[in-house]
Amino acid sequence: MSSPKRIRKAVFPVAGLGTRFLPATKAMPKEMLTVVDRPVIQHVVDEAKAAGIEHFIFVTGRNKGVIEDHFDSQFELERTLDERGKKKELAELRRDLPAAGQTSFTRQQAPLGLGHAVWCARDIVGDEPFALLLPDMLHHAATPCLADMIAAYEKHGGNHIAVAPVPEDQTHQYGIVGVEDRAAKVSRITGMVEKPKQGTAPSNLHITGRYILQPQIFPILESQERGAGGEIQLTDAMIQLSKRDDQAFHAVRFDGTIYDCGAKVGFLSANIAYALDRPELSEALKTELKKLF
Ligand code: UTP
């Protein structure tokens, strides 16, 4: 196999309504809720950057303008930090800032589903394979999940989906894949289903929210009918794409911990786990947590 096209671009769909976090998300996007001192979306952009992504495409919606501001420079703030000699804070702000021209923002005018949000990025992605990261899902691991996936992609080409096991009695809540070899780190996908009825799932491996997709997904999304929940479902489009002989799908098993920051318990747990990783916070936090139990 000739070496596959490099993955340069990543799409971040951030147009969802975040109803599970109301009223916090009435005026503020859920992607800007903070895990320790960084917005959730910054953690996910960090993961993409660490995997070598060069262009960050955000599919936004109403009330999401602050995400664009977050990834822009803040001249007055930077000058004030400089004048006050806050060199560390200034260096960190500048480190996190994408270079000029490395971000694109497009709008999903109505929240018609994840598949529709991805389709909204079609012109910016163009005719090349791309990464897709769901910002709600924090993948906590020594090696960034997307870096593992790009390594697998460079070996096998095609499409890749990150997966992780869930208890068998919870498979009906997730997108589930069937694979040739459940124990392998990377395995050919033999089937996919969105929220299978209890007892019918092809495995207990759920789709965790990291993907590498070929651009041939876009024309499928364009004509995609609404699926579960009346939304245009990405999984339905991937099922269509996987039927083509030239479009293999691989599952890449993620071995770290996933925090669903779109749900309250996941978000709170992420805050604790990420704070415990920080040497300047961990001991004090452990002391406070012990007082609660
Ligand atoms: P979710 O269903 O978890 O997000 O979608 P939501 O709709 O914001 O959350 P709740 O259920 O109302 O609390 C998963 C991801 O897909 C994006 C969301 O922003 C989230 O990152 N999404 C979903 C879109 O961008 N557009 C959509 O139409 C739907």
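The notes below deal with the structure included here.

Rules and cut-offs
For every chain, the first residue of the written sequence is number 1, and numbering continues from 1 along that sequence. Residues qualify for local features only when their pLDDT is at least 70, as the model is predicted, and side-chain atom pairs are given and counted only at 80 or more; totals for whole chains, interfaces and linings, by contrast, use all residues. With hydrogens and water set aside, each side-chain value is computed from the structure's full complement of heavy atoms. Think of a 1 Å grid over just the protein atoms. A cavity is a set of points where a 1.4 Å probe fits yet cannot get out, a pocket is an open set with protein on both sides within 12 Å along at least five of seven lines, and lining residues have an atom within 4 Å of a point. Grid points are joined across faces, edges and corners, and a volume is the space filled by probe spheres set on the points. Helix numbering and strand numbering both begin at the N terminus, where a helix is a DSSP run of H or I of at least 4 residues and a strand a DSSP run of E of at least 2. Residue polarity follows a fixed list, in which Ala, Val, Leu, Ile, Met, Phe, Trp, Tyr, Cys and Pro are nonpolar, Asp, Glu, Lys and Arg are charged, and the others, Gly among them, are polar. To obtain an axis, a line is fitted to C-alpha atoms, over the contacting stretch when the element is a helix, and the angle between two such axes runs from 0 to 180 degrees between their N-to-C directions. Should an angle fall under 35 degrees it is called roughly parallel, over 145 degrees roughly antiparallel, and 65 to 115 degrees roughly perpendicular, with every other angle called oblique. Residue contacts are defined here by distance: any two heavy atoms, one from each residue, within 4.5 Å place the two residues in contact. When a residue's accessible area, from a 1.4 Å probe over protein chains only, is under 20% of the maximum for its type it is buried; when over 50% it is exposed; and in between it is partly exposed. One speaks of a salt bridge when a side-chain nitrogen belonging to Lys or Arg is within 4 Å of a carboxyl oxygen belonging to Asp or Glu. One requirement defines pairing of two strands: DSSP has to find at least two bridges between them. One heavy atom suffices: a residue is near a molecule or strand as soon as one of its heavy atoms comes within 4 Å of it. N or O atoms closer than or at 3.5 Å make up a polar contact, with two conditions inside protein: a donor-capable atom paired with an acceptor-capable one, and, for residues adjacent in sequence, both atoms drawn from side chains. What sets the accessible areas is the Shrake-Rupley method with a 1.4 Å probe; for residues, cover comes only from the shown protein chains. Occupancy of a cavity or pocket is assigned to a molecule whenever over half of its atoms lie within 2 Å of that pocket's grid points.

Once that is clear, we can look at the layout of surface pockets. As a volume, the largest pocket reaches approximately 1,400 Å³. Lining the largest pocket we find 44 residues, and of these Arg 20, Leu 114, Leu 134, Asp 136 and Lys 195 sit closest to its centre. Put simply, the parts of the chain that give the lining of the largest pocket at least two residues each are α5 (114-119), β8 (159-165), β11 (205-213), α9 (234-242) and β13 (257-260). Taken together, the residues of the lining of the largest pocket sort by class into 22 nonpolar, 14 polar and eight charged. The volume enclosed by the second largest pocket comes to roughly 790 Å³. What lines the second largest pocket is a set of 30 residues, among which Asp 37, Arg 38, Gln 42, Arg 95 and Asp 96 lie closest to the centre. For the lining of the second largest pocket, the secondary structure elements donating two or more residues are β3 (38-39), α1 (40-50), α2 (65-70), α3 (75-83) and α4 (87-96). Ranked by the residues each element gives to the lining of the second largest pocket, the list is headed by α4, at six residues. Of the residues that constitute the lining of the second largest pocket, the class distribution is ten nonpolar, six polar and 14 charged.

What follows concerns the packing of α3 against α4. As a packed pair, α3 and α4 sit with axes 8 Å apart at the nearest point and diverge in direction by 150°. On the basis of the axis angle, α3 is roughly antiparallel to α4. Here Leu 77, Glu 78, Leu 81 and Asp 82 of α3 lie close against α4, whose contacting residues are Glu 89, Leu 90, Leu 93 and Arg 94. Split into classes, the residues belonging to the contact of α3 with α4 amount to four nonpolar, no polar and four charged.

In this section: the environment of Ala 270. Note on placement: Ala 270 falls in helix α10 (residues 264-276). Using a relative accessible area of 0% as the deciding quantity, one classes Ala 270 as buried. Considered as a pair, Ala 270 and Ala 131 are 139 residues apart in the sequence and their alpha carbons are 23 Å apart. Beyond its immediate chain neighbours, meaning those up to four positions away, Ala 270 contacts Val 35, Leu 138, Tyr 259 and Cys 261.

Here we take up the pattern of salt bridges. One pass over the structure, following the stated rule, counts 22 salt bridges. In this structure, Glu 54 and Arg 6 form a salt bridge, with 3.0 Å as the shortest nitrogen-oxygen distance. Separated by 48 residues along the polypeptide, Glu 54 in the loop between α1 and β4 (55-60) and Arg 6 in the segment before β1 (9-13) bring together distant segments of the chain. When its relative accessible area of 31% is taken as the criterion, Glu 54 is described as partly exposed.

Here we take up the pairing of strand β6 (residues 130-133). The two faces of β6 match: Phe 130 and Leu 132 on one face and Ala 131 and Leu 133 on the other face are all buried. Pairing geometry for β1 and β6, over two bridges, is parallel. Each bridged residue has a counterpart across the sheet, and for Val 11 the counterpart in β6 is Leu 132. With four bridges joining them, β6 and β11 adopt antiparallel strand pairing.

Time to look at the site of the ligand. In the vicinity of the ligand there are 18 residues, among which Gly 18, Thr 19, Arg 20, Gln 108 and Gly 113 approach most closely. The contact in question runs from an oxygen atom of the ligand to an N or O atom on the backbone of Leu 17, over 3.1 Å. Its free accessible area being 570 Å², the ligand has 83% of it covered by the protein chains. Spatially, the ligand is embedded in the largest pocket. Grouping the constituent residues of the shell around the ligand by class yields nine nonpolar, five polar and four charged.

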